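Commentary on secondary and tertiary structure
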Amino acid sequence: MDSVLDLLHQTMSSPWVYLALFAIAVVDGFFPVVPSETAVITAGVFAATGQPDLPLVVGVAALGALVGDHVSYAIGRHGGGRLLARLPAVDGNAAAGRGRRRRAAVEWARRGIAARGGLILTVARYVPGGRTAVTLTMGATRFPRRRFLAFDALAAASWGGYSALVGYLGGLAFERDPVRGLLLGLGLALTLTVIVEAVRWARGRRRRVACARVSRPADAR
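I will try to describe carefully the structure that is included in this document. (Residues numbered from 1 in each chain as written. Predicted model: local features only at pLDDT ≥ 70, side-chain atom pairs only at ≥ 80, totals over all residues. Heavy atoms only, no water.)

Regarding a nonpolar patch on the surface
What counts here: Residues forming no salt bridge and having over 30% relative accessible area are the ones grouped into patches, like charges within 9 Å of each other and nonpolar side chains (Val, Leu, Ile, Met, Phe, Trp, Tyr) within 5 Å. Accessible surface is estimated by sampling points in the Shrake-Rupley manner with a 1.4 Å probe; for residues, cover comes only from the protein chains shown. What counts as a salt bridge is simple: a side-chain nitrogen of Lys or Arg found within 4 Å of a carboxyl oxygen of Asp or Glu. A helix here means a DSSP run of H or I that spans at least four residues, while a strand means a run of E at least two residues long, and both kinds are numbered starting from the N terminus.
On the surface, Phe 30, Phe 31, Val 33 and Ile 75 cluster together into a nonpolar patch covering about 370 Å² of accessible area. Along the chain, Phe 31 turns up in the loop between α2 (16-30) and α3 (36-47).

This is the structure we're talking about:
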């Protein structure tokens with residue numbers, strides 16, 4: 001563990017850490033298996049000791065997220081519609097569960113865009129897999145590029161600041177024990193994600209119940 005901590009300290013004190021954070025945030029925008037939140041939170045934890053610089057961590061994370069989201073938007077705009085159309089139906093039997101989950105994410109993104117417009121980007125930033133589904137769908141549906149840039153800048157800035165500050169708070173709480181600080185930061189981020197998912201699920205359930213009541217025949221008893 002001491003060797004790992006020494007390696008982390010050396011990595012976080014290197015000026016290359018900013019380039020690494022930027023690259024991770026960019027890739028995570030269109031290939032959502034890269035743990036960008038974990039990287040930014042880790043940098044925030046060590047920023048409590050003075051290195052890396054917290055404002056720079058926030059800035060490069062937000063800029064990387066903005067660039068990655070625009071790559072995803074461009075993919076959706078240039079051929080993404082055909083890819084989304086090939087996804088199996090949510091209730092279909094012809095495809096594996098992963099494809100149906102992707103279709104469900106796309107349908108959620110479509111409903112969110114229709115209901116909230118560009119503001120859905122801010123919410124999707126905190127939903128695992130949701131950010132990519134939303135940015136791809138916005139590109140595929142030809143959401144205006146300038147409006148996308150404005151809303152995405154807000155989403156990326158809030159995400160970068162939130163992720164770095166969560167780690168920073170953990171680092172301050174356990175200044176001499178960065179492992180516990182990192183665990184606290186990750187725990188706080190996971191808690192927020194669970195809350196967002198729970199609220200989204202509850203609202204979706206209420207909407208389904210309301211639709212079922214409206215569609216019920218008037219003479220049904």
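Comments concerning the nonpolar core
Formally: Definition of nonpolar core: a set of buried residues of the types Ala, Val, Leu, Ile, Met, Phe, Trp, Tyr and Cys, connected through side-chain atoms within 4.5 Å. To sort residues, take the accessible area from a 1.4 Å probe on protein chains only and compare it with the maximum for the residue type: under 20% means buried, over 50% means exposed, and anything in between is partly exposed. A contact between two residues is defined here by any heavy atoms of the two lying within 4.5 Å.
Leu 21, Val 40, Val 57 and Trp 159 are the most contacted members of the largest nonpolar core, which totals 21 residues. For this core, the elements supplying multiple residues, two or more each, are α2, α3, α4 (54-85) and α8 (145-173). The contacts of Trp 159, once residues within four sequence positions are left out, are Ala 25, Ser 36, Glu 37, Val 40, Ala 61, Ala 65, Arg 125, Tyr 126 and Arg 131. In this structure, Ile 120, Leu 121, Phe 143 and Ala 155 belong to the second largest nonpolar core, which totals ten residues.

Points about the pattern of salt bridges
In this structure the tally under the stated criterion is three salt bridges. Notably, a salt bridge pairs Asp 28 with Arg 131, separated by 2.8 Å at the nearest N-O pair. Here Arg 131 lies in helix α7 (residues 130-140) and Asp 28 lies in helix α2, a separation of 103 residues in the sequence. Of the charged contacts, one joins Asp 69 and Arg 125 as a salt bridge, the two residues approaching to 2.8 Å between their closest N and O atoms. One end of the pair, Asp 69, is in helix α4; the other, Arg 125, is in the loop between α6 (120-124) and α7, with 56 residues separating them in the sequence. Of the two residues examined, Asp 69 and Arg 125, each falls in the buried class. Where salt bridges share partners, they join Asp 28, Glu 37 and Arg 131 into one cluster.

The values reported here are purely geometric and, on their own, carry no functional implication.
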